[in-house]
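Chain and residue survey
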Amino acid sequence: MQLIVKPQRLPFVYTWVAVAAVIAGSYALVFLTDPAPASANRMHWYVARASGMTSYILLAIAVLLGASSSTGLWDRWKLRKLTTQLHQFSALLVFPFLFFHLWGLHADTSVPFPLPSLFIPLHASYRPMAVGLGILVMYGWVLLIVTSYFREKLNAKVWRTIHILAFPMFIGVTLHGLLSGTDTGKPWATLVYAIPCALFLLVSGRRLFVTRSRRQPQHPKQREGQN
Ligand code: HEM
């Protein structure tokens, strides 16, 4: 499987360039208007929070599109191809924003985040459990993307089992954001978490229903109709 199919390659590069340009532009603006050290003007702290929220939204889009694809929802509107591409694209796009999330945390000096605290669960002094959940999801997400890349070389059952881990990962990262984030409780942040969670419940319920009804033995007349 190609992770980024040809039509996605340019948009993917453009997105990286746009993200880098926005960050560089924001840095330039902050230093021009307020030349105090970044620790004083809190630039990195904003970067960490904004990119955390963006990674969360992208991860949620990837999980929701992936989970809904097998329910037949998109086939009805002939949107399956588009949603599959969006699913892969948003899943990959989590990484650049995750990079900025970690970089912002590391560069912000108000709460120390040395490199080991970014990569070793329970190492951080700040909310170690909640931050640890974020670190575990990061590793899980890397595993999920890498195994998708080598899907053809893997046993289908192994690939599927790893891919299904996206469900607990979504729950884990929601808890991570809610329990470690500064913005938890703000009305806009409540919406950012509540909308994907509500859709997640709906899609998971529909998936369960569809899987169960597919497993039900068919009526002989239905089977005849298929022959
Ligand atoms: C896929 C992985 C991750 C996603 C989607 C994610 C997402 C988020 C979100 C949505 C928030 C809330 C931000 C806010 O309230 O403004 C947050 C906060 C935070 N995350 Fe992550 N995160 C991820 C991985 C990590 C990792 C690996 C670390 C490692 C240290 C980490 C450390 C933190 C910290 C310390 C905060 C609190 C920041 C603050 O609001 O001051 N996250 N994250």
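Remember, it's a predicted structure, so these values are computed and weren't measured experimentally.

This chain's UniProt record puts "transmembrane region" (unreviewed entry) on residues 12-33, 53-74, 86-106, 126-150, 162-179 and 191-209. Measuring from the first to the last C-alpha atom of residues 53-74 gives 27 Å, for a span that is 77% helix and 0% strand. Helix makes up 100% of residues 191-209 and strand 0%, and the two end C-alpha atoms of the span are 27 Å apart.

Ranked by internal contacts, the top residues of the largest apolar core, which has 35 residues, are Leu 58, Leu 59, Ala 60, Ala 62, Val 63, Leu 64 and Val 94. The set of elements that each furnish at least two residues to this core consists of helix H3 (43-69), helix H4 (80-107), helix H6 (128-149) and helix H8 (166-180). Broken down by element, this core gets its largest block of residues, 13 residues, from H3. Not counting residues within four places of it along the chain, the set of residues in contact with Val 94 comprises Ser 55, Leu 58, Leu 59, Ala 62 and Trp 141.

Moving on to unusual backbone geometry. Even without glycine at this site, Lys 78 takes up a positive phi of about 55°. For Lys 78, a count of 8 C-beta atoms within 10 Å translates into the label exposed. The phi angle at Arg 127 is positive, at roughly 35°, despite the residue not being glycine. Residue position: Arg 127 is located in the loop between helix H5 (115-119) and H6.

Our focus in this paragraph is the site of the ligand. Taken together, 30 residues lie around the ligand, and Gly 52, Gly 134, Gly 177, Gly 181 and Asp 183 are the ones closest in. Those elements that provide at least two residues to the shell around the ligand are H3, H4, H6 and H8. The greatest single-element share of the shell around the ligand, amounting to seven residues, is contributed by H3. Here the residues of the shell around the ligand are counted per class, giving 18 nonpolar, ten polar and two charged.

Cut-offs and rules
Residues numbered from 1 in each chain as written. Predicted model: local features only at pLDDT ≥ 70, side-chain atom pairs only at ≥ 80, totals over all residues. UniProt positions renumbered as here; feature names shortened; annotations may be inferred. Helix = DSSP H or I, 4+ residues; strand = E, 2+ residues; numbered from the N terminus. Core = buried A, V, L, I, M, F, W, Y, C linked by C-beta atoms within 7 Å. Buried ≥ 20, exposed ≤ 12 C-beta atoms within 10 Å, placed from the backbone. Contact = placed C-beta atoms within 7 Å. Near = placed C-beta within 6 Å. Nonpolar A, V, L, I, M, F, W, Y, C, P; charged D, E, K, R; others polar.

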